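# Descriptive structure summary
The residues making up each chain are set out below.
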Amino acid sequence: MSSIDLRKKIVEFTLEKKQLTGVSARVGIVLDITGSMKTLYNNGTVQEVVERILAVASKFDDNGSLDVWVYDTEFSRLPPVTEQEFGRYVFTHILNNNAIHKFGRNNEPPVMEDIIHKYTVEEKDPTPVFIIFINDGGVVRPTKKVIMSSSVQPIFWQFVGIGDSDFEVLKQLDTMTGRLVDNASFIHLDRIEEVSDEELYDQLLNEFPQWLKAAKGKGIIQA
C-alpha cells in the first residue's frame, strides 16, 4: 500500500472516531514561507506535510484536491495538489517557482483575505471550508481581526504552529470574544516531522466537529 493510501486509511479511522464520516468540506493548506522556514522546505519536511494534508482533503472533498497558498510578506495562490501529482509538488510549484516571493517576513492578513474571497465570492458554495494554516511563529496581530470578521463565513481556520516560537497571537484564538462562532483553533507541534499520522490527524480534526455544529446552529452552513 502506498504512503498516501495508508494515510487515507488513518484519516478514515479518525473521521469515524470524530463522527465526521460523510461530511463534505473544501480543504486548503496555507504554508508559511518566511525565512525561518527555509530549512524545512529544503529538507523535505514541507513536502511531507503537503502529502499528509492531501490525505485529509481526499476524504473530505469530492474532487480529492487540496488548495494551496504560500505567504511571507506577499502571498501566492498555487495550483491544487492532487493524488496524481504530489510527489515533487513543493520543489516544482514552490522552490523552483521564481514568481513566488520567498523567505521574507510574516504578513498573514492578505493571504487570509484571498482565501475568504476565493471561497465566498469566486467559488461561493454552501460546502464548509477547512483551512490548515502552517506557521512557525511571528504571526502579526491584525490576523485576529480577520479571524473575527470571518466568523460569519463557512470557513474554519486550523492553525498549526511548528518549531519553538511562543505563538503569542495564536494562543489567544480560543479566548477571543466578539465572534458569531469560534471559528479557529491552534495546535503546537514542535517537530511536526516526528508526530505520527494518527496523532496529527487526531489533533487537526479535534475542534472542526464543534465548529460544524455551531455553524449549522447559526445558519452559517446548511444543517
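Keep in mind the model is a prediction, meaning the values are calculated, not measured.

## Things to note about the layout of surface pockets
- Taken as a whole, the largest pocket holds about 160 Å³ of empty space.
- Around the largest pocket, the lining residues are Ser36, Leu40, Asn43, Thr45, Asp136, Ile162, Gly163, Asp190, Arg191, Ile192 and Glu193.

## Details of unusual backbone geometry
- One non-glycine residue, Gln19, lies in positive phi territory at about 60°.
- Among the secondary structure elements, Gln19 is positioned in the loop between helix H1 (3-17) and strand E1 (26-32).
- A relative accessible area of 72% places Gln19 in the exposed class.

## Side note on helix H7 (residues 197-204)
- Burial in H7 covers these residues: Asp197, Leu200, Tyr201 and Leu204. Summarising the axial view, the buried residues of H7 lie within an arc of 90°, below the 170-degree limit, and thus occupy one face.
- Considering only its buried residues, H7 is in contact with H1, helix H3 (45-60), strand E4 (129-135), strand E5 (155-162) and strand E6 (184-189).

## Focus: empty space enclosed by the protein
- All told, the structure shown has one cavity of 30 Å³ or more when counted by the stated rule.
- The calculated volume of the largest cavity comes to roughly 40 Å³.
- Forming the boundary of the largest cavity are Leu31, Met37, Leu40, Thr45, Val46, Val49, Ile134, Ile162 and Ile192.
- A per-element tally of the lining of the largest cavity places H3 first, with three residues.
- A breakdown of the residues in the lining of the largest cavity according to their chemical character gives eight nonpolar, one polar and no charged.

Quick notes on the rules
Residues numbered from 1 in each chain as written. Predicted model: local features only at pLDDT ≥ 70, side-chain atom pairs only at ≥ 80, totals over all residues. Heavy atoms only, no water. 1 Å grid on protein atoms, 1.4 Å probe; cavity = no way out; pocket = protein on both sides within 12 Å on 5 of 7 lines; lining within 4 Å. Points joined across faces, edges and corners; volume = space filled by probe spheres on them. Helix = DSSP H or I, 4+ residues; strand = E, 2+ residues; numbered from the N terminus. Buried < 20%, exposed > 50% of the residue type's maximum accessible area, 1.4 Å probe, protein only. Arc of directions from axis to C-beta. Contact = heavy atoms within 4.5 Å. Nonpolar A, V, L, I, M, F, W, Y, C, P; charged D, E, K, R; others polar.

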